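Close look at the chain arrangement
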Amino acid sequence: MNFSLKKILFKRDGTGAIDSIWYENWISLRKNRSAMFGLYMIVLFILIAVFAPLISPFDPLAQDIGFRKLAPFTGGHILGTDDFGRDLLSRIIYGARISIVIGFFSVAISLIFGSIIGLLSGFYGGWFDRFAMGVTDIMLAFPYILLTIVIVALLGPTLLNAMIAIGIARLPQYARVMRASVLAEKSSEYVEAERSLGVSNSELIFMSILPNCLAPIIVQATLGIGGAIIESAALSFLGLGAQPPTPEWGLMIASSREFISNAWWIVTFPGIAILLAVLGFNLLGDGIRDVLDPRLKD
Amino acid sequence: MYRFIFKRLGLLIPTLFGVITLVFFMLALSPGDPVRVMLGERANKEAVENLKAEMGLDKPMSEQYVLYLKRIVQLDFGKSIKTGQKVTDEIAARFPATIELTLFAMFLSIVLGVFIGVISATKRYSFVDYASMVGALFGVSTPVFWLGLVLIIIFSVNLNLLPTGGRMDIRYYFTPITNFYVIDGFIHLFTKGDPKVLGSALVHLILPAVTLGTIPLAIIARITRSSMLEVLKQDYIKTARATGMSERKVIFKYALRNALLPVVTVIGLQFGMLLSGAILTETIFAWPGIGKWLYHAIEARDFPAVQGGIIVISTCFVVINLFVDLLYSVINPKIRTE
């Protein structure tokens, strides 16, 4: 009882107590070298995305037909040019904007809606729970890459729809994770204590239960951003995402496929960019998981 | 045990029903008129109406849904808009190619993944361990479609060792019997004494299988390592060692067997994933399987083909997951009582 009351206070008056929990987590995360390396990579990519106009040496869309398929380090083009004579490095720099935004945005969709569904399902149970879990079961019965492709094909091939499709296809996983943790928290002593004190349901859900269910969902989300970046690139590669001449990494790979025999760099460098960005999120995600949820450690 | 199997089988039917229903409504409610796709934008109104009536698309949606269910139960997916052939025939013709590719990719990733995982766990913190885990991390972070193209650049374009795509060298005329080209190759070898067909089939499989198998390989290696580390801490391993048993026997007879439990689950999950991962791999390597076919059907808004393809792939996915669950309960009796 004592413990649970303390926990209520932690959640209630915010600053001091909550800070200390997250601060402790941050300290142990900082000791994890690979997680920090991942974080630095992410920060670097975000900086590149934000300052793209300042750091890119050329206009990513400017075509220069006289300088098509230049090899790296020729004519001032560090990574060479593509089949339209556009500077590859500048296109990759601008591509960071698209991939980072898609990664965060599509994860936000599954995170927000998945969490709400999971919270309500777990807390109230009943017909809503049965219905929601029935639907997630069916959605999980599709391999999600297939589900994503079908959704985006139905909505129409644009970047925005690709984001939405990725968000929807991954949503059931978040709902499941959230529901499982809510069910565990719901039967704990501190929730019973608050109930007996007459705390309202909405306050219980958002002030007490939700903060305690965040750890697994944060882990899921961090690892999910990397996955979303790969998936959006894959969709664009298939022609179901960004459309030319957008400097999107997957699309850049797709449109250079026919030149792989004589211009390897046009295919190679955008792929390395995807790999590094995803690696950053996976490193950080693994680290956060080890800190927040040691049971899941592998 | 039987009760568990029946209970789990009982869950299969509502799930499949849900999948079939969801596919129907996704396509029925999507923008884009299949009849317009078939006849072209400039078809006259009468022709459109006639074809709609013929396909039953003029009926109310509830009636269409019932008709659709009736057809699906009879395994009738209708005819492809693009080719006019029966969708079931088209799928049957391409399925062996996908299964062959998936099995090879899975074989590769299980053998290598378990091997790397065991080595990493037994030589923890060694150079081999670090190298394999960094490799695995790169493996899960790699975009598969890009990896396929890079492998083509290295092994086909520059080294000229392996073919860039397809299943068989076009110079070899032979009549497929099973449509599993490796099996056909063996048949050819034994009946005609000619190893070229088998050789060509295997050579064509290497790059696509490596590409498709990279992510499962990385995941299996990671999970095997962590599971092995967990098991090696157990008392019964200490006991086994104390009896003076050779380390090799301790690891392979006692530790690995127990460590494989979570690995089996992951393998099952990945197997299902591969069926859809094949969409990308097959597109890159011009592999005439169901993934590439389904992708082109989606692109062309060939609704009957899309319906059939999704239902078949999802059913495989669900059945494989069921099979893994059952297999898991056989290996781990604790599950059954829950």
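Here the structure is shown first, and the text comes after it.
Bear in mind that the values here come from a model prediction, so they are computed numbers and not experimental data. (Residues numbered from 1 in each chain as written. Chains lettered and ligands numbered in written order. Predicted model: local features only at pLDDT ≥ 70, side-chain atom pairs only at ≥ 80, totals over all residues.)

1. Quick look at the overall build of chain A
- Scanning chain A for helices and strands turns up 13 helices and zero strands.
- Helices and strands in chain A line up, N terminus first, as α-α-α-α-α-α-α-α-α-α-α-α-α.
- For the C-alpha atoms alone, the extent of chain A along its principal axes is close to 80 × 40 × 30 Å.
- Counting all 298 residues of chain A, 47% fall into the buried class.
- Counting only contacts in chain A whose residues sit at least 6 apart along the sequence, the fraction spanning at least 24 positions is 70%. (Helix = DSSP H or I, 4+ residues; strand = E, 2+ residues; numbered from the N terminus. Buried ≥ 20, exposed ≤ 12 C-beta atoms within 10 Å, placed from the backbone. Contact = placed C-beta atoms within 7 Å.)

2. Section: the nonpolar core
- If you look at the biggest cluster of nonpolar residues, it comprises 162 residues, and the most contacted ones within it are A:Ile149, A:Ile229, A:Ile253, A:Ile274, B:Phe145 and B:Ile220.
- When residues of this core are assigned to their parent elements, the largest contribution, 16 residues, is made by helix 9 (residues 196-232) of chain B. (Core = buried A, V, L, I, M, F, W, Y, C linked by C-beta atoms within 7 Å.)

3. Considerations on the packing of helix 12 (residues 290-299) of chain B against helix 13 (residues 303-331) of chain B
Residue and element names in this part refer to chain B.
- Contact geometry of helix 12 with helix 13 gives a least axis separation of 8 Å together with a crossing angle of 145°. The two elements helix 12 and helix 13 meet at a crossing, and its hand is left-handed. Two secondary-structure elements touch here, helix 12 through Ile290, Trp293, Leu294, Ala297 and Ile298 and helix 13 through Ala305, Val306 and Gly309.
- Partitioning the contact of helix 12 with helix 13 into residue classes produces seven nonpolar, one polar and no charged. (Axes fitted to C-alpha atoms, helices over the stretch in contact; angles between N-to-C directions. Left-handed = near helix turned anticlockwise from the far one by under 90°. Nonpolar A, V, L, I, M, F, W, Y, C, P; charged D, E, K, R; others polar.)

4. With respect to the interface of chain A and chain B
- Between chain A and chain B, the residue contacts involve 32 residues of the former and 37 residues of the latter.
- Listing elements by their share of the side of chain A that touches chain B, those giving two or more residues are helix 6 (126-140), helix 7 (144-155), helix 11 (214-237) and helix 13 (264-292) of chain A.
- Of all the elements, helix 13 of chain A adds the most residues to the side of chain A that touches chain B, at nine residues.
- Residue composition of the side of chain A that touches chain B, grouped by class: 23 nonpolar, six polar and three charged.

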